[in-house]
Each structure stands twice: as C-alpha cells, then as structure tokens.
Amino acid sequence: MAKPRTVVALLALAGAFLGGIVGVLAAPKPTHFSATATVVMSPDAIKTGGEMSAFWSVLNRGQMTRQAAILFQDPRWIPDVAAAADVPDEDVTLQSYVLADTMVLKVTVITTSPAADAALNELLITAAPAVEALVQPFAVEVLWPLPNSAKTVPVPPKSQLGAAGILWGGLAAFVVGAAYGRWNRHTSKHSAAAIIARSGR
C-alpha cells in the first residue's frame, strides 16, 4: 500500500492539474461591449454676450459639468439606446463622469451588443440637446466616436483563471489526501491492536 504522504502528494498534483485545465476551459467569453465619447463644455460666446470670464469662473466650479454628467446617464434615454443596439432595455448601462479639474465629460454606453458605438451615437443625438438646454448659457460640444469603435469589456484572462483552478484544485485534493492519511493511520492502529490482541490469546 502506498504511503499516506505519497498519496497526499499525488492527489494534490492531480487536483492542481485538473483544476488548471478546468479553469482554462471555463474562462468566460466577452459578453459585453462598450463605447465612449468625449463631451466638452464651454461658455457660448453669443449667449454670454461676450462676457466670457465670469462664465468660465462658474464652469470651473464644476456644478454645471456634474449636472450634465447626471443627465447623460438618465434612464429616460435607455429605450432609444437599446433600440439602436437591438437589445432589451435591461442590457444597457449608461455611464458619465467629469474628468477632474476640467470641463470634459466622458460618456459611455455598455451593452451586450457589438453595436455599442451605434447605441452611443443614439444617446448623444438624443441627450445632447437636453443637456445643452439644461446648462445654458454653456455650449456642449460632442467629439463623436469613430465608427466601429466599440470595445469588449475585459473578462478575467485564461491564465488567471487557470492559476485559480490550480490553487483550488490542489487545495481540495490536499484536503482529501489528508483525510485519507488520517483514516489510514486510524485503520493501521486498529489493525495493529487487533493483531496484538490475537497474539496474546
């Protein structure tokens, strides 16, 4: 019979090997796509009557840009955005935030369709007029994304999942092997005790 330590080591190696294979094979494929556009806010020279400095000061405080970011991710835009990507409403996420100490916003659409860029264009077309009406007398300039600019949302790499599989597979096999070792020692003691008892008769 193999020694318990040998069994534990073999089980740990086998578990790590199988766990690594399962981890690599189970690596998920990208299921979400994102597209991002840049929006710049500035005082409108015509609407401000040429008095730009005071309006730059207001814009620098950040309140107007934060309001614009909130409106860009308002749920009211989701039905039109989802229709542009040909996905259900629940498969669309809108995100918008202001780059620190700037008048620049980043607007992002995340969806389950590779047509995330088309969905983003729909969001910008639909929401930008409402945003500009909200933040008057400031202008909202959209830097339109390039066609086919959607990117896959990153998923854990196969190497990372394989390493996790090796770790957990090896650990699980080690626990099983350790349990076997304890059972083997317990059985050996009982067998030895039984032999001694028979010998003393």
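Our subject is the structure that appears above.
What you see is a predicted model; the values in this text were computed from it and never measured.

All of the buried residues in helix α4 (residues 78-85) are Ile78, Val81, Ala82 and Ala85. Viewed along the axis of α4, the buried residues span an arc of 100 degrees, placing them on a single side of the element. Buried positions along α4 lie against β2 (92-98), β3 (104-111) and α5 (116-134). Just downstream of α4, Asp86 is the residue with a positive phi angle, here 60 degrees.

Another point: the pairing of β2. By the bridge criterion, seven bridges tie β2 to β3 in an arrangement that is antiparallel. The partner of Thr93 across the bridge, within β3, is Ile110. Between the antiparallel neighbours β2 and β3 lie five residues, among them Asp101 with a positive phi of about 60 degrees.

Okay, the environment of Trp56 next. In this fold, Trp56 is placed in helix α2 (residues 52-60). With relative accessibility at 33%, the residue Trp56 sits in the partly exposed group. Taking the C-alpha atoms as reference points, Trp56 and Ser42, separated by 14 residues in sequence, lie 7.4 Å from one another. When neighbours within four sequence positions are excluded, Trp56 is seen to be in contact with Ser42, Pro43 and Met103.

Glancing now at the nonpolar core. By size, the foremost hydrophobic cluster in this structure holds 35 residues, and its most contacted members are Met41 and Leu123. For this core, the secondary structure elements donating two or more residues are β1 (33-43), α3 (63-72), α4, β2, β3, α5 and β4 (138-143). With eight residues, α5 is the single largest residue contributor to this core. Ignoring any residue separated from it by four or fewer positions in sequence, one finds Leu123 in contact with Phe72, Trp77, Val81, Leu94, Val107, Val109 and Ala128.

As for its position among the elements, Thr111 is in strand β3. The buried category is assigned to Thr111, whose relative accessible area is 0%. What Thr111 contacts, discounting residues up to four positions off in sequence, is Thr31, His32, Phe33, Ala85, Val87, Asp91, Val92 and Ala116.

In the contact formed by α4 and α5, the axes pass within 8 Å of each other and the chain directions differ by 145 degrees. Regarding α4 and α5, the two cross each other, and that crossing is right-handed. The residues of α5 that touch α4, namely those facing Asp80, Val81, Ala84 and Ala85, are Ala118, Ala119, Glu122, Leu123 and Thr126. Per-class residue counts for the contact of α4 with α5 are six nonpolar, one polar and two charged.

This brings us to the environment of Val153. Relative to the elements of secondary structure, Val153 occurs in the loop between β5 (151-152) and α6 (158-199). For Val153 and His32, which are 121 residues apart along the polypeptide, the C-alpha to C-alpha distance reads 5.4 Å.

Turning our eyes to something else, we now look at the side chain of Thr65. With respect to the helices, strands and loops of the structure, Thr65 is situated in helix α3. According to the relative accessible area criterion, Thr65 is buried, its value standing at 1%. Apart from residues lying up to four places away in sequence, Thr65 is in contact with Met41, Leu59, Val98, Met103 and Leu105.

Bringing the pairing of β1 into the picture now. Most of β1 sits out of view: eight of its 11 residues are buried. Sheet topology places β1 next to β3; eight bridges connect them, and they run antiparallel. Considered in β3, the bridge of Phe33 is made with Thr111. Bridge analysis of β1 against β5 gives two bridges, and the strand direction is antiparallel.

Turning next to the environment of Leu146. Mapped onto the fold, Leu146 is located in the loop between β4 and β5. Spatially, the C-alpha atoms of Leu146 and Ala37 are 9.1 Å apart, while their sequence positions differ by 109 residues.

Conventions used here
Residues numbered from 1 in each chain as written. Predicted model: local features only at pLDDT ≥ 70, side-chain atom pairs only at ≥ 80, totals over all residues. Heavy atoms only, no water. Buried < 20%, exposed > 50% of the residue type's maximum accessible area, 1.4 Å probe, protein only. Helix = DSSP H or I, 4+ residues; strand = E, 2+ residues; numbered from the N terminus. Arc of directions from axis to C-beta. Contact = heavy atoms within 4.5 Å. Pairing = 2+ DSSP bridges. Core = buried A, V, L, I, M, F, W, Y, C linked by side-chain atoms within 4.5 Å. Axes fitted to C-alpha atoms, helices over the stretch in contact; angles between N-to-C directions. Left-handed = near helix turned anticlockwise from the far one by under 90°. Nonpolar A, V, L, I, M, F, W, Y, C, P; charged D, E, K, R; others polar.

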